[in-house]
Amino acid sequence: MSKLQVSAEVPNEIHMTRVFDAPRRLVIKAMSTPELIKRWQGGVRTTVVVAEVDLRVGGRYRTVYRLPDGTEFYFSGVYQEVSDDRVVHTEAFNDQPGEALVITTYAERDGKTTMSVVMRFPSQEIRDQVLATGMADGAGESYDELDKLLASL
Amino acid sequence: MRAAHLDATFAALADPTRRAILARLAQGEATVMELVEPFALSQPAISKHLKVLEKAGLISRGRDGARRPCRLEPAPLRAIDVWIERFRASWEERFAALDDVLEELKQNERQPKRRGKP
């Protein structure tokens, strides 16, 4: 059983659940401190080159990723709710329209934290695009042939 | 059952030659010999890849005598499960790195003034 659970049962949403062996305070710290974000959020193929976080209601964040070929892309948004166990923010890809609402809750128990993320998109079409492209960039291998193939079906 | 099937699909797709074979078959069916030529691989090597693809349900083999043309079976590829799994794998890579960062933060809290080695 993999550690990260992902569900796409709601047509315009992606749900993720993951348990971390650390108290909530540290999980939130690692997810909202620029120097720490740079250390984990890149994945295998991408490097985080800019991480800006202003974690308060109305504050903005921006994360710029760089691919091995030098191409850069970014996610950015505004925090709408910030509390010890719940953070809600918008999320746009390269400032394109069709931004998502991301609701993250943190439940701590016995020193472990269960993080639940709901990404809510304006439509199923945009949700499927996100599943199929942008955020899978860290997947490590080039699936160009597969992408072409899928585009032809 | 479903998870096992998905594993087979992903194992089959993990190889660039097999993805290229599928891309070729998306343009129309082909025999083993027709696939040998563009890929510059031996017939046994191509046949081995085709077996993996067939087992994963990604292609079917015709019954046209010795020709047995290969045909793309797009259903497993259309399944959104494929996308979900890629998405999941990409985030799990990141969260595994986050695990390491968290471990270090915990260590630092336990030994706040001993970050440097003696």
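One numbering rule holds for all chains: residues counted from 1, following each sequence as written. Both sets of labels track the order of writing: A upward for chains, 1 upward for ligands. pLDDT decides what is reported in this predicted model: residues at 70 or higher carry local features, side-chain atom pairs at 80 or more are listed and counted, and totals for whole chains, interfaces and linings draw on all residues regardless.

## Remarks on the pairing of strand β8 (residues 112-120) of chain A
Residues and elements named next belong to chain A.
In step 1: DSSP calls a pair of strands paired once it identifies at least 2 bridges connecting them. A run of DSSP states H or I qualifies as a helix once it reaches four residues; a run of E qualifies as a strand once it reaches two. Both are numbered from the N-terminal end. Across 8 bridges, the pairing between strand β2 (residues 13-20) and β8 is antiparallel. Note that in β8 the partner of Val19 across the bridge is Thr114.
In step 2: Sheet analysis places strand β7 (residues 100-109) next to β8, joined by 9 bridges and oriented antiparallel. By the bridge assignment for β8, Leu101 is matched with Arg120.
In step 3: Where β7 folds back onto β8 in an antiparallel hairpin, the turn is made up of 2 residues, including Asp110, whose phi is positive at roughly 50 degrees.

## Here's the deal with the sheet that holds strand β6 (residues 86-93) of chain A
All names here are of chain A.
In step 1: Across the sheet, which stays open at both edges, the 8 strands sit in the order β1-β2-β8-β7-β6-β5-β4-β3 with antiparallel pairing between neighbours. Every other strand in the sheet has two partners, leaving β1 (5-7) and β3 (47-53) as the edge strands with one partner each. Neighbour-to-neighbour, the strand axes of the sheet open up by a mean angle of 20 degrees, direction not taken into account.
In step 2: Of the strands in this sheet, β2, β3, β7 and β8 touch helix α1 (residues 24-32), which is tilted by about 150 degrees from β7. Axis definition: a line fitted to C-alpha atoms, over the contacting stretch in the case of helices. Angles run 0 to 180 degrees between N-to-C directions. Contacts here follow a simple rule: the backbone-placed C-beta atoms of the two residues must lie within 7 Å.

## With respect to the nonpolar core
In step 1: In plain words, the nonpolar core is the set of buried Ala, Val, Leu, Ile, Met, Phe, Trp, Tyr and Cys residues that C-beta atoms within 7 Å link up. Buried means a residue has 20 or more other C-beta atoms within 10 Å of its own C-beta, exposed means 12 or fewer, and partly exposed covers the counts in between; C-beta atoms are placed from the backbone. Counting 16 residues, the largest nonpolar core has A:Val27, A:Ala30, B:Val101 and B:Leu102 as its most contacted members.
In step 2: Within the residue set of this core, elements represented by two or more residues are α1 and α2 (34-40) of chain A together with α6 (80-110) of chain B.
In step 3: Of the residues forming this core, the biggest block, 5 residues, is contributed by α1(A).
In step 4: Contacts of B:Val101, omitting those with residues within four sequence positions, involve A:Ala30, A:Leu36, A:Arg39 and A:Trp40.
In step 5: Residues B:Leu13, B:Leu35, B:Ile46 and B:Leu50 belong to the second largest nonpolar core, which totals 15 residues.

## Regarding the pairing of strand β4 (residues 60-66) of chain A
Residues and elements named next belong to chain A.
In step 1: Of the two faces of β4, only one is covered, namely that formed by Tyr61, Thr63 and Tyr65; the face formed by Arg60, Arg62, Val64 and Arg66 stays uncovered.
In step 2: Between the end of β3 and the start of β4, which pair antiparallel, lie 6 residues, with Gly58 showing a positive phi angle near 90 degrees.
In step 3: One ladder, built from 7 bridges, connects β4 with strand β5 (residues 72-82); its direction is antiparallel. Within β5, the position partnered with Tyr65 by the bridge is Phe73.

## Observations concerning the environment of B:Arg71
In step 1: Within the secondary structure, B:Arg71 sits in strand β2 (residues 70-72).
In step 2: When sequence neighbours within four positions are dropped, the list of residues in contact with B:Arg71 reads B:Leu25, B:Glu29, B:Ile59, B:Ser60 and B:Gly62.

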